[in-house]
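Listed below, chain by chain, are the residues.
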Amino acid sequence: MKIFLHCLPCFARQAVESAEMATDDPEMKERIIRAALRKASEIPFDKSPPHMGKEIHKIIKDFLGDIDPYKDLKNLYNKEALDLYPRMKEIVASSDEPLETAARLAIAGNIIDFGVSVTDNHFRLMDIIEDTLKRPFAVDQYQEFKLDVRNAEKILYAGDNAGEIVFDRILIEEIPEFKQKVIYAVKGSAVLNDVTIDDARDTGVAEIVDVIENGSNAPGTILEDCSEQFLNTYNEADIVIGKGQGNYETLSEFCEKCYYLLKVKCPVLARDLKVGVGDIVLKKQEPFA
């Protein structure tokens, strides 16, 4: 998915938020934001939006060194999600269609936002889960998904964010023979609140399936940035589960064997998918012409 004009305000917001997370120095914040805005004015529109996310993080590294400004927030996300893990397992166990319920929970995890108050957002997250469990899919290719994950010998699951990885674990554990089939992919290094190898270890995902770093620090899966090891796994996989908006934005023009699980959070993505903001999607990639 390419950059659209309406992505530019989001880039500006992301630059401000990242600068706020990275430093308390007002002058340094201004330098980071101005550099990011200059880059946003120059980035080609034939790139995907996560290309700009990668550039913002590079600017922060150039100014401040190899830091992870989102580390504390990611740890909080993981803790809150792990607190909900037993309840989510109960929901799946009581379902007439456990795999679909687990897929819905994975999508619910795509929209977690704990904000300022951990306690208040704990209950809000349960509201999100309940809504996602009953909300109809705007794009519903669950039956194809169910058949393909059952028949696949090798599944590459491209993760999205910290916290959300716990919800991914719920889905992974409902895939038949998941320990033999599933390889979970994380980012090669820290970028925004995207999932890394540390998150896979902290949430127990690394204990149940093989985990691979993709070799990139983009908030998505930009194939030309990824490592040879990751690309070999990607090419060998029978299907790829691309979790969240960043993976859809970076893979949707390249990956014919992808399924996308996500909550639509912006009008640009909604237009591309021909759905509404707030809709939930389980989409199989259409064959390329």
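Attention in this report is confined to the structure presented alongside it. (Residues numbered from 1 in each chain as written. Predicted model: local features only at pLDDT ≥ 70, side-chain atom pairs only at ≥ 80, totals over all residues. Heavy atoms only, no water.)

**Considering the side chain of Thr23**
Along the chain, the position of Thr23 falls in the loop between α1 (8-22) and α2 (26-42). Engagement of the side chain of Thr23 in a polar contact is seen with the backbone nitrogen of Asp25, the distance being 3.0 Å. With residues near it in sequence (within four places) discarded, Thr23 still touches Met28, Lys29, Ile32 and Leu64. (Helix = DSSP H or I, 4+ residues; strand = E, 2+ residues; numbered from the N terminus. Polar contact = N/O pair within 3.5 Å; in protein donor to acceptor, adjacent residues only side chain to side chain. Contact = heavy atoms within 4.5 Å.)

**Some remarks on the state of the cysteines**
When the sulfur atoms of two cysteines share a covalent bond, that bond is a disulfide. A full pass over the atoms with the stated rule returns one disulfide. The disulfide bridge from Cys255 ends at Cys258, spanning 2.3 Å between sulfur atoms. Since a negative S-S torsion denotes a left-handed disulfide, the Cys255-Cys258 link at about 95° is right-handed. Each member of the pair, Cys255 together with Cys258, is buried. Cys7 carries a free sulfur, and the closest cysteine sulfur to it, the one in Cys266, is 6.6 Å from it. (Disulfide = S-S within 2.5 Å. Buried < 20%, exposed > 50% of the residue type's maximum accessible area, 1.4 Å probe, protein only.)

**Thoughts on the nonpolar core**
Generally speaking, soluble globular proteins have nonpolar side chains that are buried together. Core analysis: the largest hydrophobic core is formed by 48 residues, its most contacted members being Ile129, Phe145, Leu171, Tyr184 and Leu261. In terms of residue count, helix α5 (residues 98-109) provides more of this core than any other element does, seven residues in total. Non-local contacts of Phe145, meaning those with residues more than four positions away in its chain, are made with Leu99, Leu171, Ile241, Tyr259, Leu261 and Leu282. The next biggest cluster of nonpolar side chains, apart from the first, holds 42 residues, and it includes Ala40, Cys226, Phe230 and Leu251. (Core = buried A, V, L, I, M, F, W, Y, C linked by side-chain atoms within 4.5 Å.)

**Details of the packing of aromatic side chains**
Applying the stated rule across the entire model yields four aromatic pairs. Here Tyr157 and Tyr184 contribute two aromatic rings whose centre-to-centre distance is 5.4 Å and whose plane-to-plane angle is 35°, an arrangement assigned as tilted. Note that Tyr157 is positioned in strand β2 (residues 155-158) and Tyr184 in strand β3 (residues 182-186), a separation of 27 residues in sequence. According to the relative accessible area criterion, Tyr157 is buried, its value standing at 0%. Since its relative accessible area comes to 0%, Tyr184 is described here as buried. Relative to Tyr234, the ring of Phe230 has its centre 6.3 Å away and its plane inclined at 25°; by these criteria the two rings are stacked. Taken together, the positions of Phe230 and Tyr234, both in helix α12 (residues 228-236) and four residues apart, correspond to about one turn of that helix. Over the ring of Phe137 we find Arg104, and its NZ or CZ is 4.3 Å from the ring centre. (Phe/Tyr/Trp six-rings, centres within 6.5 Å; stacked < 30°, edge-to-face > 60°. Lys NZ or Arg CZ within 6 Å of the ring centre and 35° of its normal.)

**So, the environment of Asp140**
Examined against the element boundaries, Asp140 turns out to sit in strand β1 (residues 137-140). Linking Asp140 and Val281, residues 141 residues apart in sequence, is a C-alpha distance of 6.6 Å. A polar contact is formed between the side chain of Asp140 and the backbone nitrogen of Tyr142, at a distance of 3.1 Å.

**A closer look at the pattern of salt bridges**
Under the counting rule described, the total for this entry stands at 22 salt bridges. The closest approach of N and O atoms between Glu90 and Arg87, which form a salt bridge, is 3.3 Å. Separated by three residues within a single helix, Glu90 and Arg87 lie in helix α4 (residues 71-93), roughly one turn from each other. Look at Glu90 and you get partly exposed, because its relative accessible area is 48%. Classification of Arg87 as partly exposed rests on a relative accessible area of 42%. With its nearest N and O atoms 2.6 Å apart, the salt bridge here joins Glu236 to Lys154. Placement of the pair is Glu236 in helix α12 and Lys154 in the loop between α7 (142-151) and β2, with a sequence separation of 82 residues. One continuous salt-bridge network, built from bridges that share partners, spans Lys89, Arg169 and Glu173. (Salt bridge = Lys/Arg side-chain N within 4 Å of Asp/Glu carboxyl O.)

**A few points about the sheet that holds β3**
Pairing within the open sheet is mixed, and its seven strands lie in the order β1-β7-β6-β5-β2-β3-β4. Edge positions in the sheet fall to β1 and β4 (210-213), since each of these pairs with one other strand and no more. Here the strands of the sheet are splayed against their neighbours by 15° on average, with no regard to which way each runs. Sheet topology note: the strand β5 (residues 239-243)/strand β6 (residues 258-263) ladder contains four bridges and is parallel. Along β6, the bridge assignment pairs Gly242 with Tyr260. Strands in contact with helix α13 (residues 244-251) are β2, β5, β6 and β7 (280-284); relative to β6, the strand with the most contacts, it is inclined by about 140°. (Pairing = 2+ DSSP bridges. Axes fitted to C-alpha atoms, helices over the stretch in contact; angles between N-to-C directions.)

Shape descriptors only; they carry no functional weight alone.
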